[in-house]
Amino acid sequence: MSGRRVVALYALLVGCFAAVVCRLYWLCSNPAYAARAAAQSVVTLRLPARRGNFYDCEGHLLTGLGTKWEALCVPGEGNYTRLFSCTDAAGQALLYQKRNALAPFFLEVEQDVSALGISCWPVSVRFSAAPLAEHLIGYVDGDGKGAAGLEAAFDAALSGTGEGDTLTCLVNAQGKLRETPEQTHADSGAVGVQLTLSRDVQRAAEAVAARMMTTGSIVVLETAGAEVRACVSVPGYDPADPAASLNAPDSPMLNRAFQSYAVGSVFKPVLAAAALEAGLQPVFECTGAVVVDGQIFRCAGGVAHGEVDLAAALEKSCNGYFIRLGQTLGAERVRTLAEQLGFGQAVELTDSFRTAAGKLPELAALTSSGAYANFCFGQGELLATPVQIAGMLNALVTGMYREPLFLRNTLDETTGEPLTPLAHRRAERVVSEGTASALRMLLAGVVENGTGHEAALPETTAAGKTGTAQTGQFRDGVELKNNWFAGVFPAEKPQYTIVVLQDAQTVPAHSSAAIFAALAEMLENFGA
């Protein structure tokens, strides 16, 4: 090879080397590439943002009762074998998927694993294995946002800014930590929401419902203020996995306390109160049926009750008596009182969350003698929710209508201090104290001597009214009925108003009156 060719080759090699050096210099001095290189050595992990919880009337937690942990998994530290038994199936799958990962990641574990030398952080579990008031509280979606119930209605307050703590990890090329991770604190500013529910009363009501009911609802009011102490719907569902219940039998996602149903004879105290207010306590002869414009309306089983007064008519639940009493009172008087008692009006918890309004027939519809006859014993077009029936009875035994209250205020979860009131109390006298007192004694007679005898309590008195409402729906040729009991105890000075509904039943295993008694006895025994 000639000298000239050697020099040319040498010059080419020098030129290529110079180009590579210049390129490296340019890459090192370029801020964009420098930032990208730095980012490759920093991994930022986010801990779940704090979400506000729901609290009962005494400040006890209704959500967030459990704790889980977020464990920091670092490549090359034997996470798979050390943590496999500490997590659930989804966590085990994640461990397997990331067994060769080149960056730290969080794994949800069921216990504190710091004793294994693994860093972990406690995180609140939103819903426990035995959730409370899931139909009222609702559930959150996969992103932790409120998707139903009060969770959705108060999502903005419960979520706050959505900010949470972050963990900054400096790692090497293999994803191993170069130094101790740095935790940056940030709070979402979320607030809690305090309800009128009592955790103890809610648990008692749910326990009774689980033992004695297949479908239905229980609503418990504290009589003096009409605050809702328990709101139960059966069957229940798991708010941590609502999708599992979407197509389940008996519609477990349905909040039966907020749905409207045919009412039946639990409406009869409304006519009784109207009669007492008007100074009427007539006596009628019951032959087992009443004919109104050619339509025959029978008492249950067509039983003739003979000569009955108001007390006997309530005790025997005599349809004929209340039809004739309604004719004496007139439709306008009865319907006006029903409207004052909340029929036909939704109970609003928020602008976006309310009960069904039910249906109160218009006065014009009640000009039909047959329609009005049905109305007088709670049939026909009349529909109401268990919450409305609780509000009705509560008003009749106290004389004051107070809309059932579910909410109190938002809450500073750090100090427990109330923040923004969420409900405005309103009270309206609907019957006199004398009428309320007389009606309590009449309804006590229903429990002592009448159709509500299974509601009797061993240590105290109770008062209430049964109801068996026809639905017009059939199963295997047998009509499904709504079985109600609406009662209070003690009868003389009620502490609790309890409504039990078993919907769409043929012959329930336990009467609604017996379910009332079981719950009332529990409340009395633990002094709730």
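These lines cover the structure that appears in this document, whether it is placed above or below.

Definitions and limits used
Residues numbered from 1 in each chain as written. Predicted model: local features only at pLDDT ≥ 70, side-chain atom pairs only at ≥ 80, totals over all residues. Heavy atoms only, no water. Helix = DSSP H or I, 4+ residues; strand = E, 2+ residues; numbered from the N terminus. Rg over C-alpha atoms; globule rule 2.2 N^0.38 Å. Contact = heavy atoms within 4.5 Å. Lys, Arg positive; Asp, Glu negative; His and termini not counted. Charge placed at Lys NZ, Arg CZ, Asp CG, Glu CD. Phe/Tyr/Trp six-rings, centres within 6.5 Å; stacked < 30°, edge-to-face > 60°. Buried < 20%, exposed > 50% of the residue type's maximum accessible area, 1.4 Å probe, protein only. Lys NZ or Arg CZ within 6 Å of the ring centre and 35° of its normal. Pairing = 2+ DSSP bridges. Axes fitted to C-alpha atoms, helices over the stretch in contact; angles between N-to-C directions. Parallel < 35°, antiparallel > 145°, perpendicular 65-115°, else oblique. Left-handed = near helix turned anticlockwise from the far one by under 90°. Nonpolar A, V, L, I, M, F, W, Y, C, P; charged D, E, K, R; others polar.

**Quick notes on the overall build of the protein**
Right, on to step 1. The helix and strand inventory of the protein stands at 16 helices and 25 strands.
Right, on to step 2. Radius of gyration (C-alpha) of the protein: 33 Å, far over the 24 Å computed for a compact globule of 528 residues.
Right, on to step 3. C-alpha atoms of the protein, sized along the principal axes, occupy 135 × 45 × 45 Å.
Right, on to step 4. Long-range pairs, those at least 24 residues apart, make up 69% of the contacts in the protein between residues at least 6 apart in sequence.
Right, on to step 5. One finds the centroid of the 38 positive side-chain charges in the protein at a distance of 9 Å from the centroid of its 52 negative side-chain charges.

**Overview of the packing of aromatic side chains**
Right, on to step 1. For the structure on display, the rule yields twelve aromatic pairs.
Right, on to step 2. Measuring from ring centre to ring centre gives 5.9 Å for F489 and Y496, while their planes differ by 35°; the resulting arrangement is tilted.
Right, on to step 3. The exposure class assigned to F489 is buried, which follows from its relative accessible area of 2%.
Right, on to step 4. Classification of Y496 by relative accessible area gives buried; the value is 5%.
Right, on to step 5. Following the ring pairs from residue to residue traces out a cluster consisting of F267, F343, Y372 and F375.
Right, on to step 6. Taking NZ or CZ as reference, R99 lies 3.9 Å from the ring centre of Y96, over its face.

**Quick notes on the sheet that holds strand β6 (residues 166–170)**
Right, on to step 1. What the three strands build is an open sheet, ordered β1-β6-β7; its pairing is antiparallel. This sheet does not close on itself; its edge strands, each paired only once, are β1 (42–46) and β7 (182–184). Each strand axis lies, on average, 25° off the axis of its neighbour in the sheet, ignoring direction.
Right, on to step 2. Sheet topology places β6 next to β7; three bridges connect them, and they run antiparallel. Its bridge partner lying in β7, L167 is registered against Q183.

**Observations regarding unusual backbone geometry**
Right, on to step 1. With an omega of 5°, the peptide bond running from V234 to P235 counts as cis.
Right, on to step 2. For P235, the position within the fold is in the loop between β10 (227–234) and β11 (261–262).
Right, on to step 3. In the segment running from F489 into P490, the intervening peptide bond is cis, with an omega of -15°.
Right, on to step 4. For P490, the location among the structural elements is in the loop between β24 (478–489) and β25 (496–505).
Right, on to step 5. Even without a glycine there, the phi angle at S251 is positive, about 50°.
Right, on to step 6. Take S251: it is sitting in the loop between β10 and β11.

**Digging into the packing of helix α9 (residues 268–277) against helix α11 (residues 319–329)**
Right, on to step 1. At a minimum axis separation of 10 Å, α9 and α11 run at an interaxial angle of 45°. Put simply, α9 runs oblique to α11. Viewed along their axes, α9 and α11 form a crossing whose handedness is left-handed. Of the residues in α11, those in contact with K268, L271, A272, A274 and A275 of α9 are N319, F322, L325, G326 and L329.
Right, on to step 2. Classifying every residue of the contact of α9 with α11 by side-chain character gives seven nonpolar, two polar and one charged.

**A word on the packing of α11 against helix α13 (residues 369–376)**
Right, on to step 1. Close contact between α11 and α13 brings their axes to 8 Å; oriented N to C, the two are set at 120°. Seen along the crossing, α11 lies across α13 with a hand that is right-handed. Together, F322, I323, G326 and Q327 of α11 and Y372, A373 and C376 of α13 make up the contact between the two elements.
Right, on to step 2. Taken together, the residues that form the contact of α11 with α13 break down as five nonpolar, two polar and no charged.

In short, geometric facts, not functional conclusions.
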